[in-house]
Structure formats: structure tokens, C-alpha cells
Amino acid sequence: MAATALSPDVLAKYEPVIGLEVHVQLLTATKAFCGCANHFGSAPNTNICPVCLGLPGALPVLNAKAVEYATLAALALNCTINERSIFARKNYFYPDLPKGYQISQFDKPIAEHGWIDVPTADGTMKRIGITRLHMEEDAGKSLHEGFADSATRTYLDLNRCGTPLAEIVSEPDIRTPDEAFEYLTRLKEILLYTGVSDCNMEEGSLRCDANVSVRLKGAPKFGTKAEVKNVNSFRFIRAALEYEIERQIELIESGGHVAQETRLWNAAEGRTYSMRSKEQAHDYRYFPEPDLPPLIVSADFLAETKKRLPELPEARRARMIAEYDLNIKDAHTLTGSREFADRFEAAAKTAKSPRRVANLLLSELSGRLKALDLGPEQSPVSMAGLVLAADLLEEGKISSKQLKQLLDICFEKNEDFPAVYEREKPQQITDASAIETLVDQVIAANPKQVEQYRAGKTTLAGFFVGQVMKASKGQANPALLNELVTKKLQG
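Residues numbered from 1 in each chain as written. Predicted model: local features only at pLDDT ≥ 70, side-chain atom pairs only at ≥ 80, totals over all residues. Heavy atoms only, no water.

This brings us to the overall build of the protein. Counting its regular elements, the protein contains 17 helices and 16 strands. In terms of overall size, the protein is more extended than a compact globule, its C-alpha atoms giving a radius of gyration of 30 Å where 491 residues would be expected to give roughly 23 Å. With the C-alpha coordinates of the protein rotated into their principal frame, the extents come out at 95 × 55 × 55 Å. The long-range fraction of contacts in the protein, counting pairs at least 24 apart against all pairs at least 6 apart in sequence, stands at 69%. If you sum the accessible surface of the protein, you get close to 24,700 Å²; carbon and sulfur atoms cover 54% of it. (Helix = DSSP H or I, 4+ residues; strand = E, 2+ residues; numbered from the N terminus. Rg over C-alpha atoms; globule rule 2.2 N^0.38 Å. Contact = heavy atoms within 4.5 Å. Areas by Shrake-Rupley, 256 points an atom, 1.4 Å probe, with all protein chains shown as cover.)

This next bit is on the packing of helix 16 (residues 461-471) against helix 17 (residues 478-490). Two numbers describe how helix 16 lies on helix 17: the axes approach to 10 Å, and their chain directions differ by 125°. By the criterion of interaxial angle, the relationship of helix 16 to helix 17 is oblique. Taken as a pair, helix 16 and helix 17 cross one another with a handedness that is right-handed. Residue-level inspection shows Ala-461, Phe-464, Val-465, Val-468 and Met-469 of helix 16 in contact with helix 17, the latter providing Pro-478, Leu-481, Asn-482, Val-485 and Leu-489. Classifying every residue of the contact of helix 16 with helix 17 gives 9 nonpolar, 1 polar and no charged. (Axes fitted to C-alpha atoms, helices over the stretch in contact; angles between N-to-C directions. Parallel < 35°, antiparallel > 145°, perpendicular 65-115°, else oblique. Left-handed = near helix turned anticlockwise from the far one by under 90°. Nonpolar A, V, L, I, M, F, W, Y, C, P; charged D, E, K, R; others polar.)

Right, let's get into helix 16. When helix 16 is considered as a whole, its buried residues turn out to be Ala-461, Phe-464, Val-465, Val-468 and Met-469. Down the axis of helix 16, the smallest arc covering the buried residues is 135°, so these residues share one side. Two residues or fewer past helix 16, Lys-473 is found with a positive phi of approximately 55°. (Buried < 20%, exposed > 50% of the residue type's maximum accessible area, 1.4 Å probe, protein only. Arc of directions from axis to C-beta.)

Among the secondary structure elements, Glu-189 is positioned in helix 4 (residues 177-194). When its relative accessible area of 14% is taken as the criterion, Glu-189 is described as buried. Leave out the neighbours within four places in its chain, and Glu-189 touches Pro-313, Arg-317, Thr-335 and Gly-336.

Let us look at the sheet that holds strand 6 (residues 111-119). The strand order across the open sheet formed by 9 strands is 2-6-7-10-1-11-12-13-14, and the pairing between neighbours is mixed. Only two strands of the sheet have a single partner each, and these edge strands are strand 2 (80-81) and strand 14 (271-277). Against the sheet, helix 4 makes contact with strand 1 (14-25), strand 6, strand 7 (125-137), strand 10 (164-170) and strand 11 (206-216), and its axis sits at roughly 115° relative to strand 6, the strand it touches most. Strands strand 1, strand 11, strand 12 (226-231), strand 13 (261-266) and strand 14 of the sheet are contacted by helix 5 (residues 234-253), whose axis makes an angle of about 25° with strand 11. (Pairing = 2+ DSSP bridges.)

So, on to the pairing of strand 14. The sheet contact formed by strand 13 and strand 14 spans 6 bridges and is antiparallel. Following the sheet pairing, Trp-265 is matched in strand 14 by Thr-272. What sits between the antiparallel neighbours strand 13 and strand 14 is a turn of 4 residues, in which Gly-270 has the positive phi angle 65°.

According to the stated counting rule, one finds 8 aromatic pairs in the structure shown. Consider the rings of Tyr-284 and Tyr-286, whose centres lie 5.9 Å apart with planes at 70°: the pair is edge-to-face. Here Tyr-286 falls in the partly exposed class, since its relative accessible area comes to 28%. Here the aromatic residues Tyr-92, Phe-106, Tyr-284 and Tyr-286 are joined through ring pairs into a cluster of three or more. The ring of Trp-115 carries the charged tip of Arg-127 above its face, separated from the ring centre by 3.5 Å. (Phe/Tyr/Trp six-rings, centres within 6.5 Å; stacked < 30°, edge-to-face > 60°. Lys NZ or Arg CZ within 6 Å of the ring centre and 35° of its normal.)

What follows deals with helix 14 (residues 432-445). Since one α-helical turn is 3.6 residues long, residues separated by three or four positions face the same way. Taking 1.5 Å per residue, 14 residues should reach 20 Å; helix 14 reaches 20 Å between its end C-alpha atoms and fits that length. Three or more residues of helix 14 are buried, namely Ile-435, Leu-438, Val-439, Val-442 and Ile-443. Around the axis of helix 14, the buried residues are gathered within 135° of arc, so they sit on the same side. Opposite the packed face of helix 14, turned more than 90 degrees from it, sit the exposed residues Ala-444 and Ala-445. (Expected span 1.5 Å × (residues − 1).)

Time to look at the nonpolar core. Of all hydrophobic cores here, the largest spans 75 residues; its most connected members are Leu-20, Leu-77, Leu-133, Ile-168 and Tyr-183. With 9 residues, the top contributor of residues to this core is helix 3 (residues 64-76). Membership of the second largest hydrophobic core comes to 34 residues, among which are Tyr-324, Ala-331, Leu-407 and Phe-417. (Core = buried A, V, L, I, M, F, W, Y, C linked by side-chain atoms within 4.5 Å.)

Written as C-alpha cells, this is what we have:
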């Protein structure tokens, strides 16, 4: 049963406090401390060795690429990179942790004190602090379903043991589920731009736990927090936070107390469930990893890594708005992925009007792709084809109606625009005297509408343009036609 709907007045008395912990698998070829393949989807327990299984005598060796990726991610998140950081053993028992400890970083992480700016409900930007970014290895995976005896047995796949992770911990600066959603959306976007992870939540390469508490507005201290785990999409994280905030407020309002615990989100029921109590902090008995020396990030390494930092989404959006005269919504769409933005910009630079290329891409092309449930990479029309279409429109060589017809053929026959245009080549009438003759004929055939136009109903100009277009089978040059219709009607 979901939480009872609380009145807006009751909800308004309280302030939620939210902090997020995000685990990101780094896209290295091999694991964090051994040479096993870091690859999702392999047969269970095939990418394992004495090191990631923690067998006696096996020694870890740090993956330099993992350090580079963690540093790159930290720089993109405005963190301070610590010259010296320490790996530690985080000790706990769990069946999918064969060593009985996890190599992580504790009090001396690789990076600290970062931030991400996110939009708020009132349209302003809010800065969410990032406490730290530290490196660690992943545990294996317990499989509780999919086998004939899953009701009584748990199966273990240890392929994930030792996969390099960056854990990104936010400050408790988030105050609404929507802010949490925006923070995660921007975090994922930044990580994808840097190329350090594929951030695939379905495959577990980006996972998020949320800490949430509520307090009376103006109260100096945070309330008791619950940790929500097992949430596999940003949409569900927002829904889980909405539920959890109402649950805690309802509990307090009815005279109860919020328990410090870990809770699981059940998407089918739209509610959280208690998993285990966290009344006492877990004693992980951290101590420095004796088999790994301190990690030193040299000035040279840092300088080289900074050179690999791409132009990040927010900066790119601002530049593209200025360069291509885009609105904010269009700029967001075009910069949704680095690869898509790169393709657009490469094409736009060769066009007579980059703005027109953007318009065609976001309206004509995107609309057709969406209707057919196709991704941008499945479009029959290439960026070069789109540039040709935009240039023809810009030069007045085809009308927008003709362009629509040509694009329809492209999608129908799965052909690129240049080939279709070359074959179909619609002829546009650009001879002013020929268009003028057609305008005269339409005006003569519609005296009533002429009278209404001259009496002040100027919107009827569109009627005359449409009639001439029909008579010319869509081949009249639109700019010339509009000019002649206005001139003749004003007589």
C-alpha cells in the first residue's frame, strides 16, 4: 500500500534533504587490479583469475587507464584532484565478495570538492556539491532468479569482481526529487561526454543509491535518513524519493519516528520496503591496502589528462546557441550525445545556414524517425544529405512542400536525400511572369475573397498563395509568390 496522500499544507511544512551516491563502471579493457577482461555479457565465471578471486599469494596491480578515467571524470565534475591518495581495504562478508574485502579509498580519495549546476523549478540554476570521487573495485553479482531452484538457492557470477568503479558522492544539497533527477541526468551526460563509462543502467554500469530524510523547514539539524537501493532508472529514483518523502512525513505527523535503515524500491507496487536496519553504522574496519602503494597523481599526468577533457555539455550548448542562433530546447536536443552533436556541427559548418540544418534535423527528420521508432543512426538521410536539403531550401530551389515529398520518398525507399533529389529533381518555377499569370488567374476567379482582403482581412493572402501553389503543382517559388500576391492584392 502506497503512502496516504498528504495535503499540500502538511507537505509544505517539511523540507526533504537528499544526497546521492553514484557508482560508475569505468570503460577500461581490463579490471582494476588484474588483467581479466572487463566485459559485460560473458558466460558466468569466465573473466576471473586468482587476483580478482582473492586467492592466497595473488597481488593486485593498479590499472593506469582506470586512474586516467577517474581523473578525467573528476576534472569534468569540477573536483580538486589530490596529488596523493590511498587505497584501503573495506572489510565485510557477502557471498559475492570472495576476498572478504573490497579495495576502495576511504579517508584519502583521489578527488574532492566538485559540483554540478542543475536547473530548478523556478528556472534558475542551483549548484549541487560533490563531496568526493573515489576509486574502488566492484563486487560480484548474486543471481536470485532464472534457475529451476532459484526459490531455494542463490547463484554467483564473479565476472564483475574487480571491475573498476568511480563512486561519486553528492553533498546533501538536493531538496526535491526533480532536482535529484536533473542532477543525475547532467552527471550521466557529463560522464558520457568524457567517454569514461557507457553509463548503461540496465547492465549495471551506472548505479545509484539515494539517502533521504525530512525536517521541519528552518530546522538546523537533518532528520533521520533512510537509504534507498535497487533503483534502476532515473525516473524510478524520482518516484522512489517522492514516495519516501511522503512516507517519512506521514510517519512523523502521526507521532512515529523514522528508522535509520536501508530500503528497497519496488517499481511494480510504487513503494519502498525495509531491507535492513542501519541503526549502528557498519564497521568496515578500513585499513590501508598493504599490497598497493599510495597513488601519486603527478603534475605532468594531470596536465596530460586535462588536454583530453572535451568541451562539456553546458559549455557546448551555450556556444551553439550563440553560433547557430538556436533556442535552449533545440540546443539540449542537439547536444544530447557527444557523437550526435559532433555530427551535427561537422555538417552545419558546411551549410549555407546552420540554423536551417538544425530546423530540418529537429522537425522533419526527428519527426519521421520518432514515428517509425528509429534511432538517429538508422536514418536513411545522412547529415550531408540534410545539408543539401537545407541549402536547396535556402537558395529557393525547392519549396518546403517539395522537400517534405522528397523526404517521404527517402524514408519510403530507404535512400539518402542526394540520390532521391537527383532522380526526382522537382522543378521550381522561378520565372516571375509565369507566376504572375497564375496569380492573376486566381485573383480573377475569387472576387469575393479579393473584396474581403481589401476590406482588411489580410490573412486571406494565405488563401491566394495556396491556390496558386495548387495551380502550379507546388512548383512556384514561395518567396516570389508571396511577394507577387501581396503586390497584386494591394493593387
